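These are the residues of each chain, in order.
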Amino acid sequence: MTSPEHEGPAAAQQQVNDLFDSAELARAVETEEFKLFLDHLPIAIVVSKLLGGEQRIVFANKAYGELTGQPCANIIGRGWSILNAFRGEDDSQITIEHALLKGDDYLGTFQLSTSKPILVEAYASIIETLDGIENYRILAIIDVTARERAQREEFARQLRDKDMLLKEIQHRVKNNLQLITTLIRFDAHNRRSGEVNLARLAGRIESLQILYRDLSTDGTSGEIVDLGHYLSEIASAVMRTYAVDGMRLDLKVDHSPVSINVAMPVGLLVNELLTNSFKYAFAGKEAGTLTVRCLHEHDNEYRIVVADDGIGLPEGTTWPREGKLGALIVQCLRENAKTDLSVDSAPGNGTRVTISFVHKPRAKKPN
């Protein structure tokens, strides 16, 4: 059998698709809790559903209303043609509706003529039924008005010199939506009611938000992340969310440059481990310590440690469990770096998870 670290990205994506079918997500989309979650996203989201053989808009979040200055209720029940005021930046004959019909994930750059013209980038994702029939569409509209066209053209020129990076940047938002979709499917899949654990999901989304915020302030490299800084922000965010009196964070991080494809799964793993510690490790205890280490050992060797001094894993329990999100994220990391994982735990002596990997981030080429 081929080991996870030798499988390609396509195989990993197929496993995600097989593991998390669309039925649970479809139920989640129709819940008020999920709509409330979408209302808190910082980008405009519009959702349509196949009704009577046509896609009809069933939801638009608050960010859409703020972006367009129009009540979201005005587009509910309408087809995608209601968004035809968004016109192609380079060809005004192209609308978002036309771009959606092509079926691409990245739709392009569009202008919206208002008192202050708005420039946006649009991305789409299709949700299918178990029979492979299109059911929902999710449209993400991102305001890029602040970017001068010359800056964006220069950025595009640099990306054309880096073909692999170009593909990754173009699909970054699409991949983010896919990961959000996967996380939602996971929670719905494991809860009989099909509902979503929004509190836990919010922590995972915050980990992604921190990552993309760090990328947006890193000039034009767009590829290298300081994993030490990133993990320190995740640990601090988890402490703010869950910490109570008596809980302490012992944090030590090195400057650790890694690619986004490594930073994302490591960040999600650290978030999962810290959240699990707060939920389970300190039952019956009034105080405790969480330890996080990000150590850059030698040129291409890294070691991540997440530990607690709690009650330890229950007897017979292992982590990560096959078929659970932790195992999926570990596999994702192994797709991008040679990875070793060890878990040490004993009753009353806490749990210590060590993630070691060898990784050489791609150096930024001179312009």
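Residues numbered from 1 in each chain as written. Predicted model: local features only at pLDDT ≥ 70, side-chain atom pairs only at ≥ 80, totals over all residues. Heavy atoms only, no water.

J.: Can you walk me through the side chain of Glu 121 in this structure?
T.: Checked against the element boundaries, Glu 121 lands in strand β5 (residues 118-128). With a relative accessible area of 13%, Glu 121 lands in the buried category. Of the polar contacts made by the side chain of Glu 121, one reaches the side chain of Tyr 123; its length is 3.2 Å. (Helix = DSSP H or I, 4+ residues; strand = E, 2+ residues; numbered from the N terminus. Buried < 20%, exposed > 50% of the residue type's maximum accessible area, 1.4 Å probe, protein only. Polar contact = N/O pair within 3.5 Å; in protein donor to acceptor, adjacent residues only side chain to side chain.)

J.: Explain the pairing of strand β4 (residues 106-112) here, please?
T.: The element β4 is largely enclosed, with a buried count of 5 among its 7 residues. Of the strand pairs in this sheet, strand β3 (residues 86-88) and β4 are connected by 3 bridges, and their pairing is antiparallel. Across the sheet, Gly 88 pairs through a bridge with Phe 110, a residue of β4. (Pairing = 2+ DSSP bridges.)

J.: Please explain the sheet that holds strand β11 (residues 301-308) as it appears in this structure.
T.: By definition, the strands of a sheet pair up through backbone hydrogen bonds, in either a parallel or an antiparallel sense. Strands sit in the order β8-β10-β11-β13-β12 across an open sheet of 5 strands; the sheet is mixed. The outermost strands of the open sheet, each flanked by one partner alone, are β8 (247-253) and β12 (338-345). Along the sheet, successive strands turn relative to each other by an average axial angle of 10°, direction set aside. Here β8 runs beside strand β10 (residues 288-297); their pairing, made up of 7 bridges, is parallel. Paired with Asp 250 across the strands is Thr 291, a residue of β10. On the sheet, helix α10 (residues 227-242) packs against β8, β10, β11 and β13 (351-358) and is oriented at approximately 175° with respect to β8. (Axes fitted to C-alpha atoms, helices over the stretch in contact; angles between N-to-C directions. Contact = heavy atoms within 4.5 Å.)

J.: How should the pattern of salt bridges be read in this particular structure?
T.: Where side chains of opposite charge bring their charged atoms close, a pairing between them can arise. Applying the stated criterion to the full structure yields 3 salt bridges. Across the pair Arg 56 and Glu 54 runs a salt bridge, and its minimum N-O distance is 2.7 Å. Classification of Arg 56 by relative accessible area gives partly exposed; the value is 28%. Residue classification places Glu 54 among the partly exposed positions, given a relative accessible area of 42%. Arg 303 serves as the salt-bridge partner of Glu 297, at 2.7 Å between the closest nitrogen and oxygen. (Salt bridge = Lys/Arg side-chain N within 4 Å of Asp/Glu carboxyl O.)

J.: Which parts of the structure should I look at to understand the packing of α10 against helix α11 (residues 260-281)?
T.: What describes two packed helices is the angle between their axes and the distance between those same axes. For the pair α10 and α11, interaxial distance at closest approach is 10 Å and the crossing angle is 30°. Here α11 runs roughly parallel to α10, going by the angle between their axes. At the point where α10 passes α11, the crossing takes the right-handed sense. Residue-level inspection shows Leu 227, Tyr 230, Leu 231, Ile 234, Ala 235, Val 238, Met 239 and Tyr 242 of α10 in contact with α11, the latter providing Ala 263, Val 266, Gly 267, Val 270, Asn 271, Leu 274, Thr 275 and Phe 278. (Parallel < 35°, antiparallel > 145°, perpendicular 65-115°, else oblique. Left-handed = near helix turned anticlockwise from the far one by under 90°.)

J.: Help me understand the packing of aromatic side chains, please; the structure alone is not making it clear to me.
T.: Each aromatic ring pair is described using two quantities: the centre-to-centre distance and the angle formed by the ring planes. One pass over the full model with this rule turns up 2 aromatic pairs. Judged by centre distance (5.1 Å) and plane angle (55°), the rings of Tyr 106 and Tyr 123 are tilted. Of this pair, Tyr 106 sits in strand β4 while Tyr 123 sits in strand β5, and the two are 17 residues apart along the sequence. Tyr 123 gets classed as buried once you look at its relative accessible area, which sits at 4%. Ring geometry for Tyr 302 and Phe 357: centres 5.1 Å apart, planes at 15°, overall stacked. Placement of Tyr 302 in strand β11 and of Phe 357 in strand β13 is noted, with a sequence separation of 55 residues between them. In this structure Phe 357 comes out as buried when scored by relative accessible area, which is 1%. (Phe/Tyr/Trp six-rings, centres within 6.5 Å; stacked < 30°, edge-to-face > 60°.)

J.: Please clarify how α11 should be interpreted in this entry.
T.: Residues that lie three or four places apart on an α-helix share one face, since the helix turns once every 3.6 residues. The terminal C-alpha atoms of α11, which comprises 22 residues, lie 30 Å apart, in line with the 32 Å expected from a rise of 1.5 Å per residue. Among the 22 residues of α11, 19 are classified as buried, and the element is accordingly described as predominantly covered. (Expected span 1.5 Å × (residues − 1).)

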